[in-house]
Amino acid sequence: ILYPPQCLKCATLVSETGLLCSSCWQEISFIEGPGCQACGLPFEFDIGKAALCGACTREHPAFNRVRAALIYNDASRDLILGFKHGDRTHAANAYGKWLFRAGKELLDQTDIILPVPLHWSRLFHRRYNQAALLALELGKFASKPVETNNLQRSKRTASQGHKTPSQRRRNLQGAFAVPPHLKHKISDRRVLLIDDVLTTGATVSACAKTLRQAGARHIDVLTLARVVRTETTMTSQNDDADLMLNTKI
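Residues numbered from 1 in each chain as written. Predicted model: local features only at pLDDT ≥ 70, side-chain atom pairs only at ≥ 80, totals over all residues. Heavy atoms only, no water.

Trainee: Please explain helix α9 (residues 202-213) as it appears in this structure.
Mentor: Residues three or four positions apart in an α-helix share a direction because the helix packs 3.6 residues into each turn. Under the 1.5 Å per step criterion, the end-to-end length of α9 is 17 Å for twelve residues, consistent within 8% with the ideal 16 Å. Burial analysis of α9 places nine of its twelve residues in the buried class, which makes it a mostly covered element. Residues A202, T203, V204, S205, A206, C207, A208, T210 and L211 constitute the buried set of α9. Following α9 by one or two positions, G215 has its phi on the positive side, about 105°. (Helix = DSSP H or I, 4+ residues; strand = E, 2+ residues; numbered from the N terminus. Expected span 1.5 Å × (residues − 1). Buried < 20%, exposed > 50% of the residue type's maximum accessible area, 1.4 Å probe, protein only.)

Trainee: When you look at the sheet that holds strand β2 (residues 112-115) in this model, what are you seeing that I'm missing?
Mentor: The strand order β1-β6-β5-β2 describes an open sheet built from four strands, whose pairing is parallel. This sheet does not close on itself; its edge strands, each paired only once, are β1 (65-71) and β2. Taken pair by pair, the neighbouring strands of this sheet meet at an average axis angle of 20°, ignoring direction. Bridging between β1 and strand β6 (residues 218-226) involves six bridges; their strand directions are parallel. Considered in β6, the bridge of A68 is made with T223. This element, α9, spans β2, β5 (190-198) and β6 of the sheet and lies at about 165° to β5. (Pairing = 2+ DSSP bridges. Axes fitted to C-alpha atoms, helices over the stretch in contact; angles between N-to-C directions. Contact = heavy atoms within 4.5 Å.)

What follows is the structure in C-alpha cells.
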C-alpha cells in the first residue's frame, strides 16, 4: 500500500515490481535476431550464424563474443543513467533477468562471472558498482559463481568521452589487474565479463587482455545495453554516449 510497484522508466503503476509499463516496453529496443558473431552488432538481415561485421572482420576483438540485452538510445537512456548514477539499484533484479535472457548462449559456456571493476576512489563516491550488481543478480538466475574481486581496477582513468579509439586504448593501459593470489581462479576458466553499457568496447577489451594474461581460456562479454552505430556515425554517437554515461545526474 505504501510503496506500490511502479514502471522502471516512467513510474506508472504496474502489477509487479521490476516491470515496465506497456508503453515503455514498446519503446525499449531489445536486441533479438541476427547479429555479428563476435561483437553482437545487430544485423538487419540474417546473413549466417557465423557472420562478422566489418570491424570484426578487419580485426577480431580481444574477447570471444559480446551480447547485450537492449540498444542504448533515447528510450533507454534514463534507465541506464538512473541505474548508473541515480541510485536506482532496486532495478538490478529486473536487469539481471534481461541479461539472463540475452546471454543464455554465453552462459552455457561460462565457468565464472566477473563484473568490470570500478577504481576504489570512484566506488567511494558512487557507493556501488553497477556492473557488480548486475553480475550478482545474473549469477542468481544462472546458478553461476560470481567473483567481484578477481579483476581489479588498479588505475583511475580519465573519462573516455571525446577520445579517439587510440586515445581510449592508451587511457586504459595498465588500468586493470588480476591479483597474483587470485590468478588460480582465472586460469583455464571460461569467463563471462559483465558491464552496464558497451560503447566502443575499449574497456571490456582492456579487461579481456588482462584476463588472457592471467590464463583465462575463453572470455565472453554481456552488457545491459550497447550503442549501435553505422560506420559513418560511429565517432559522433560514441562521443555522445560516453559524455552522457560519464556525466553524473
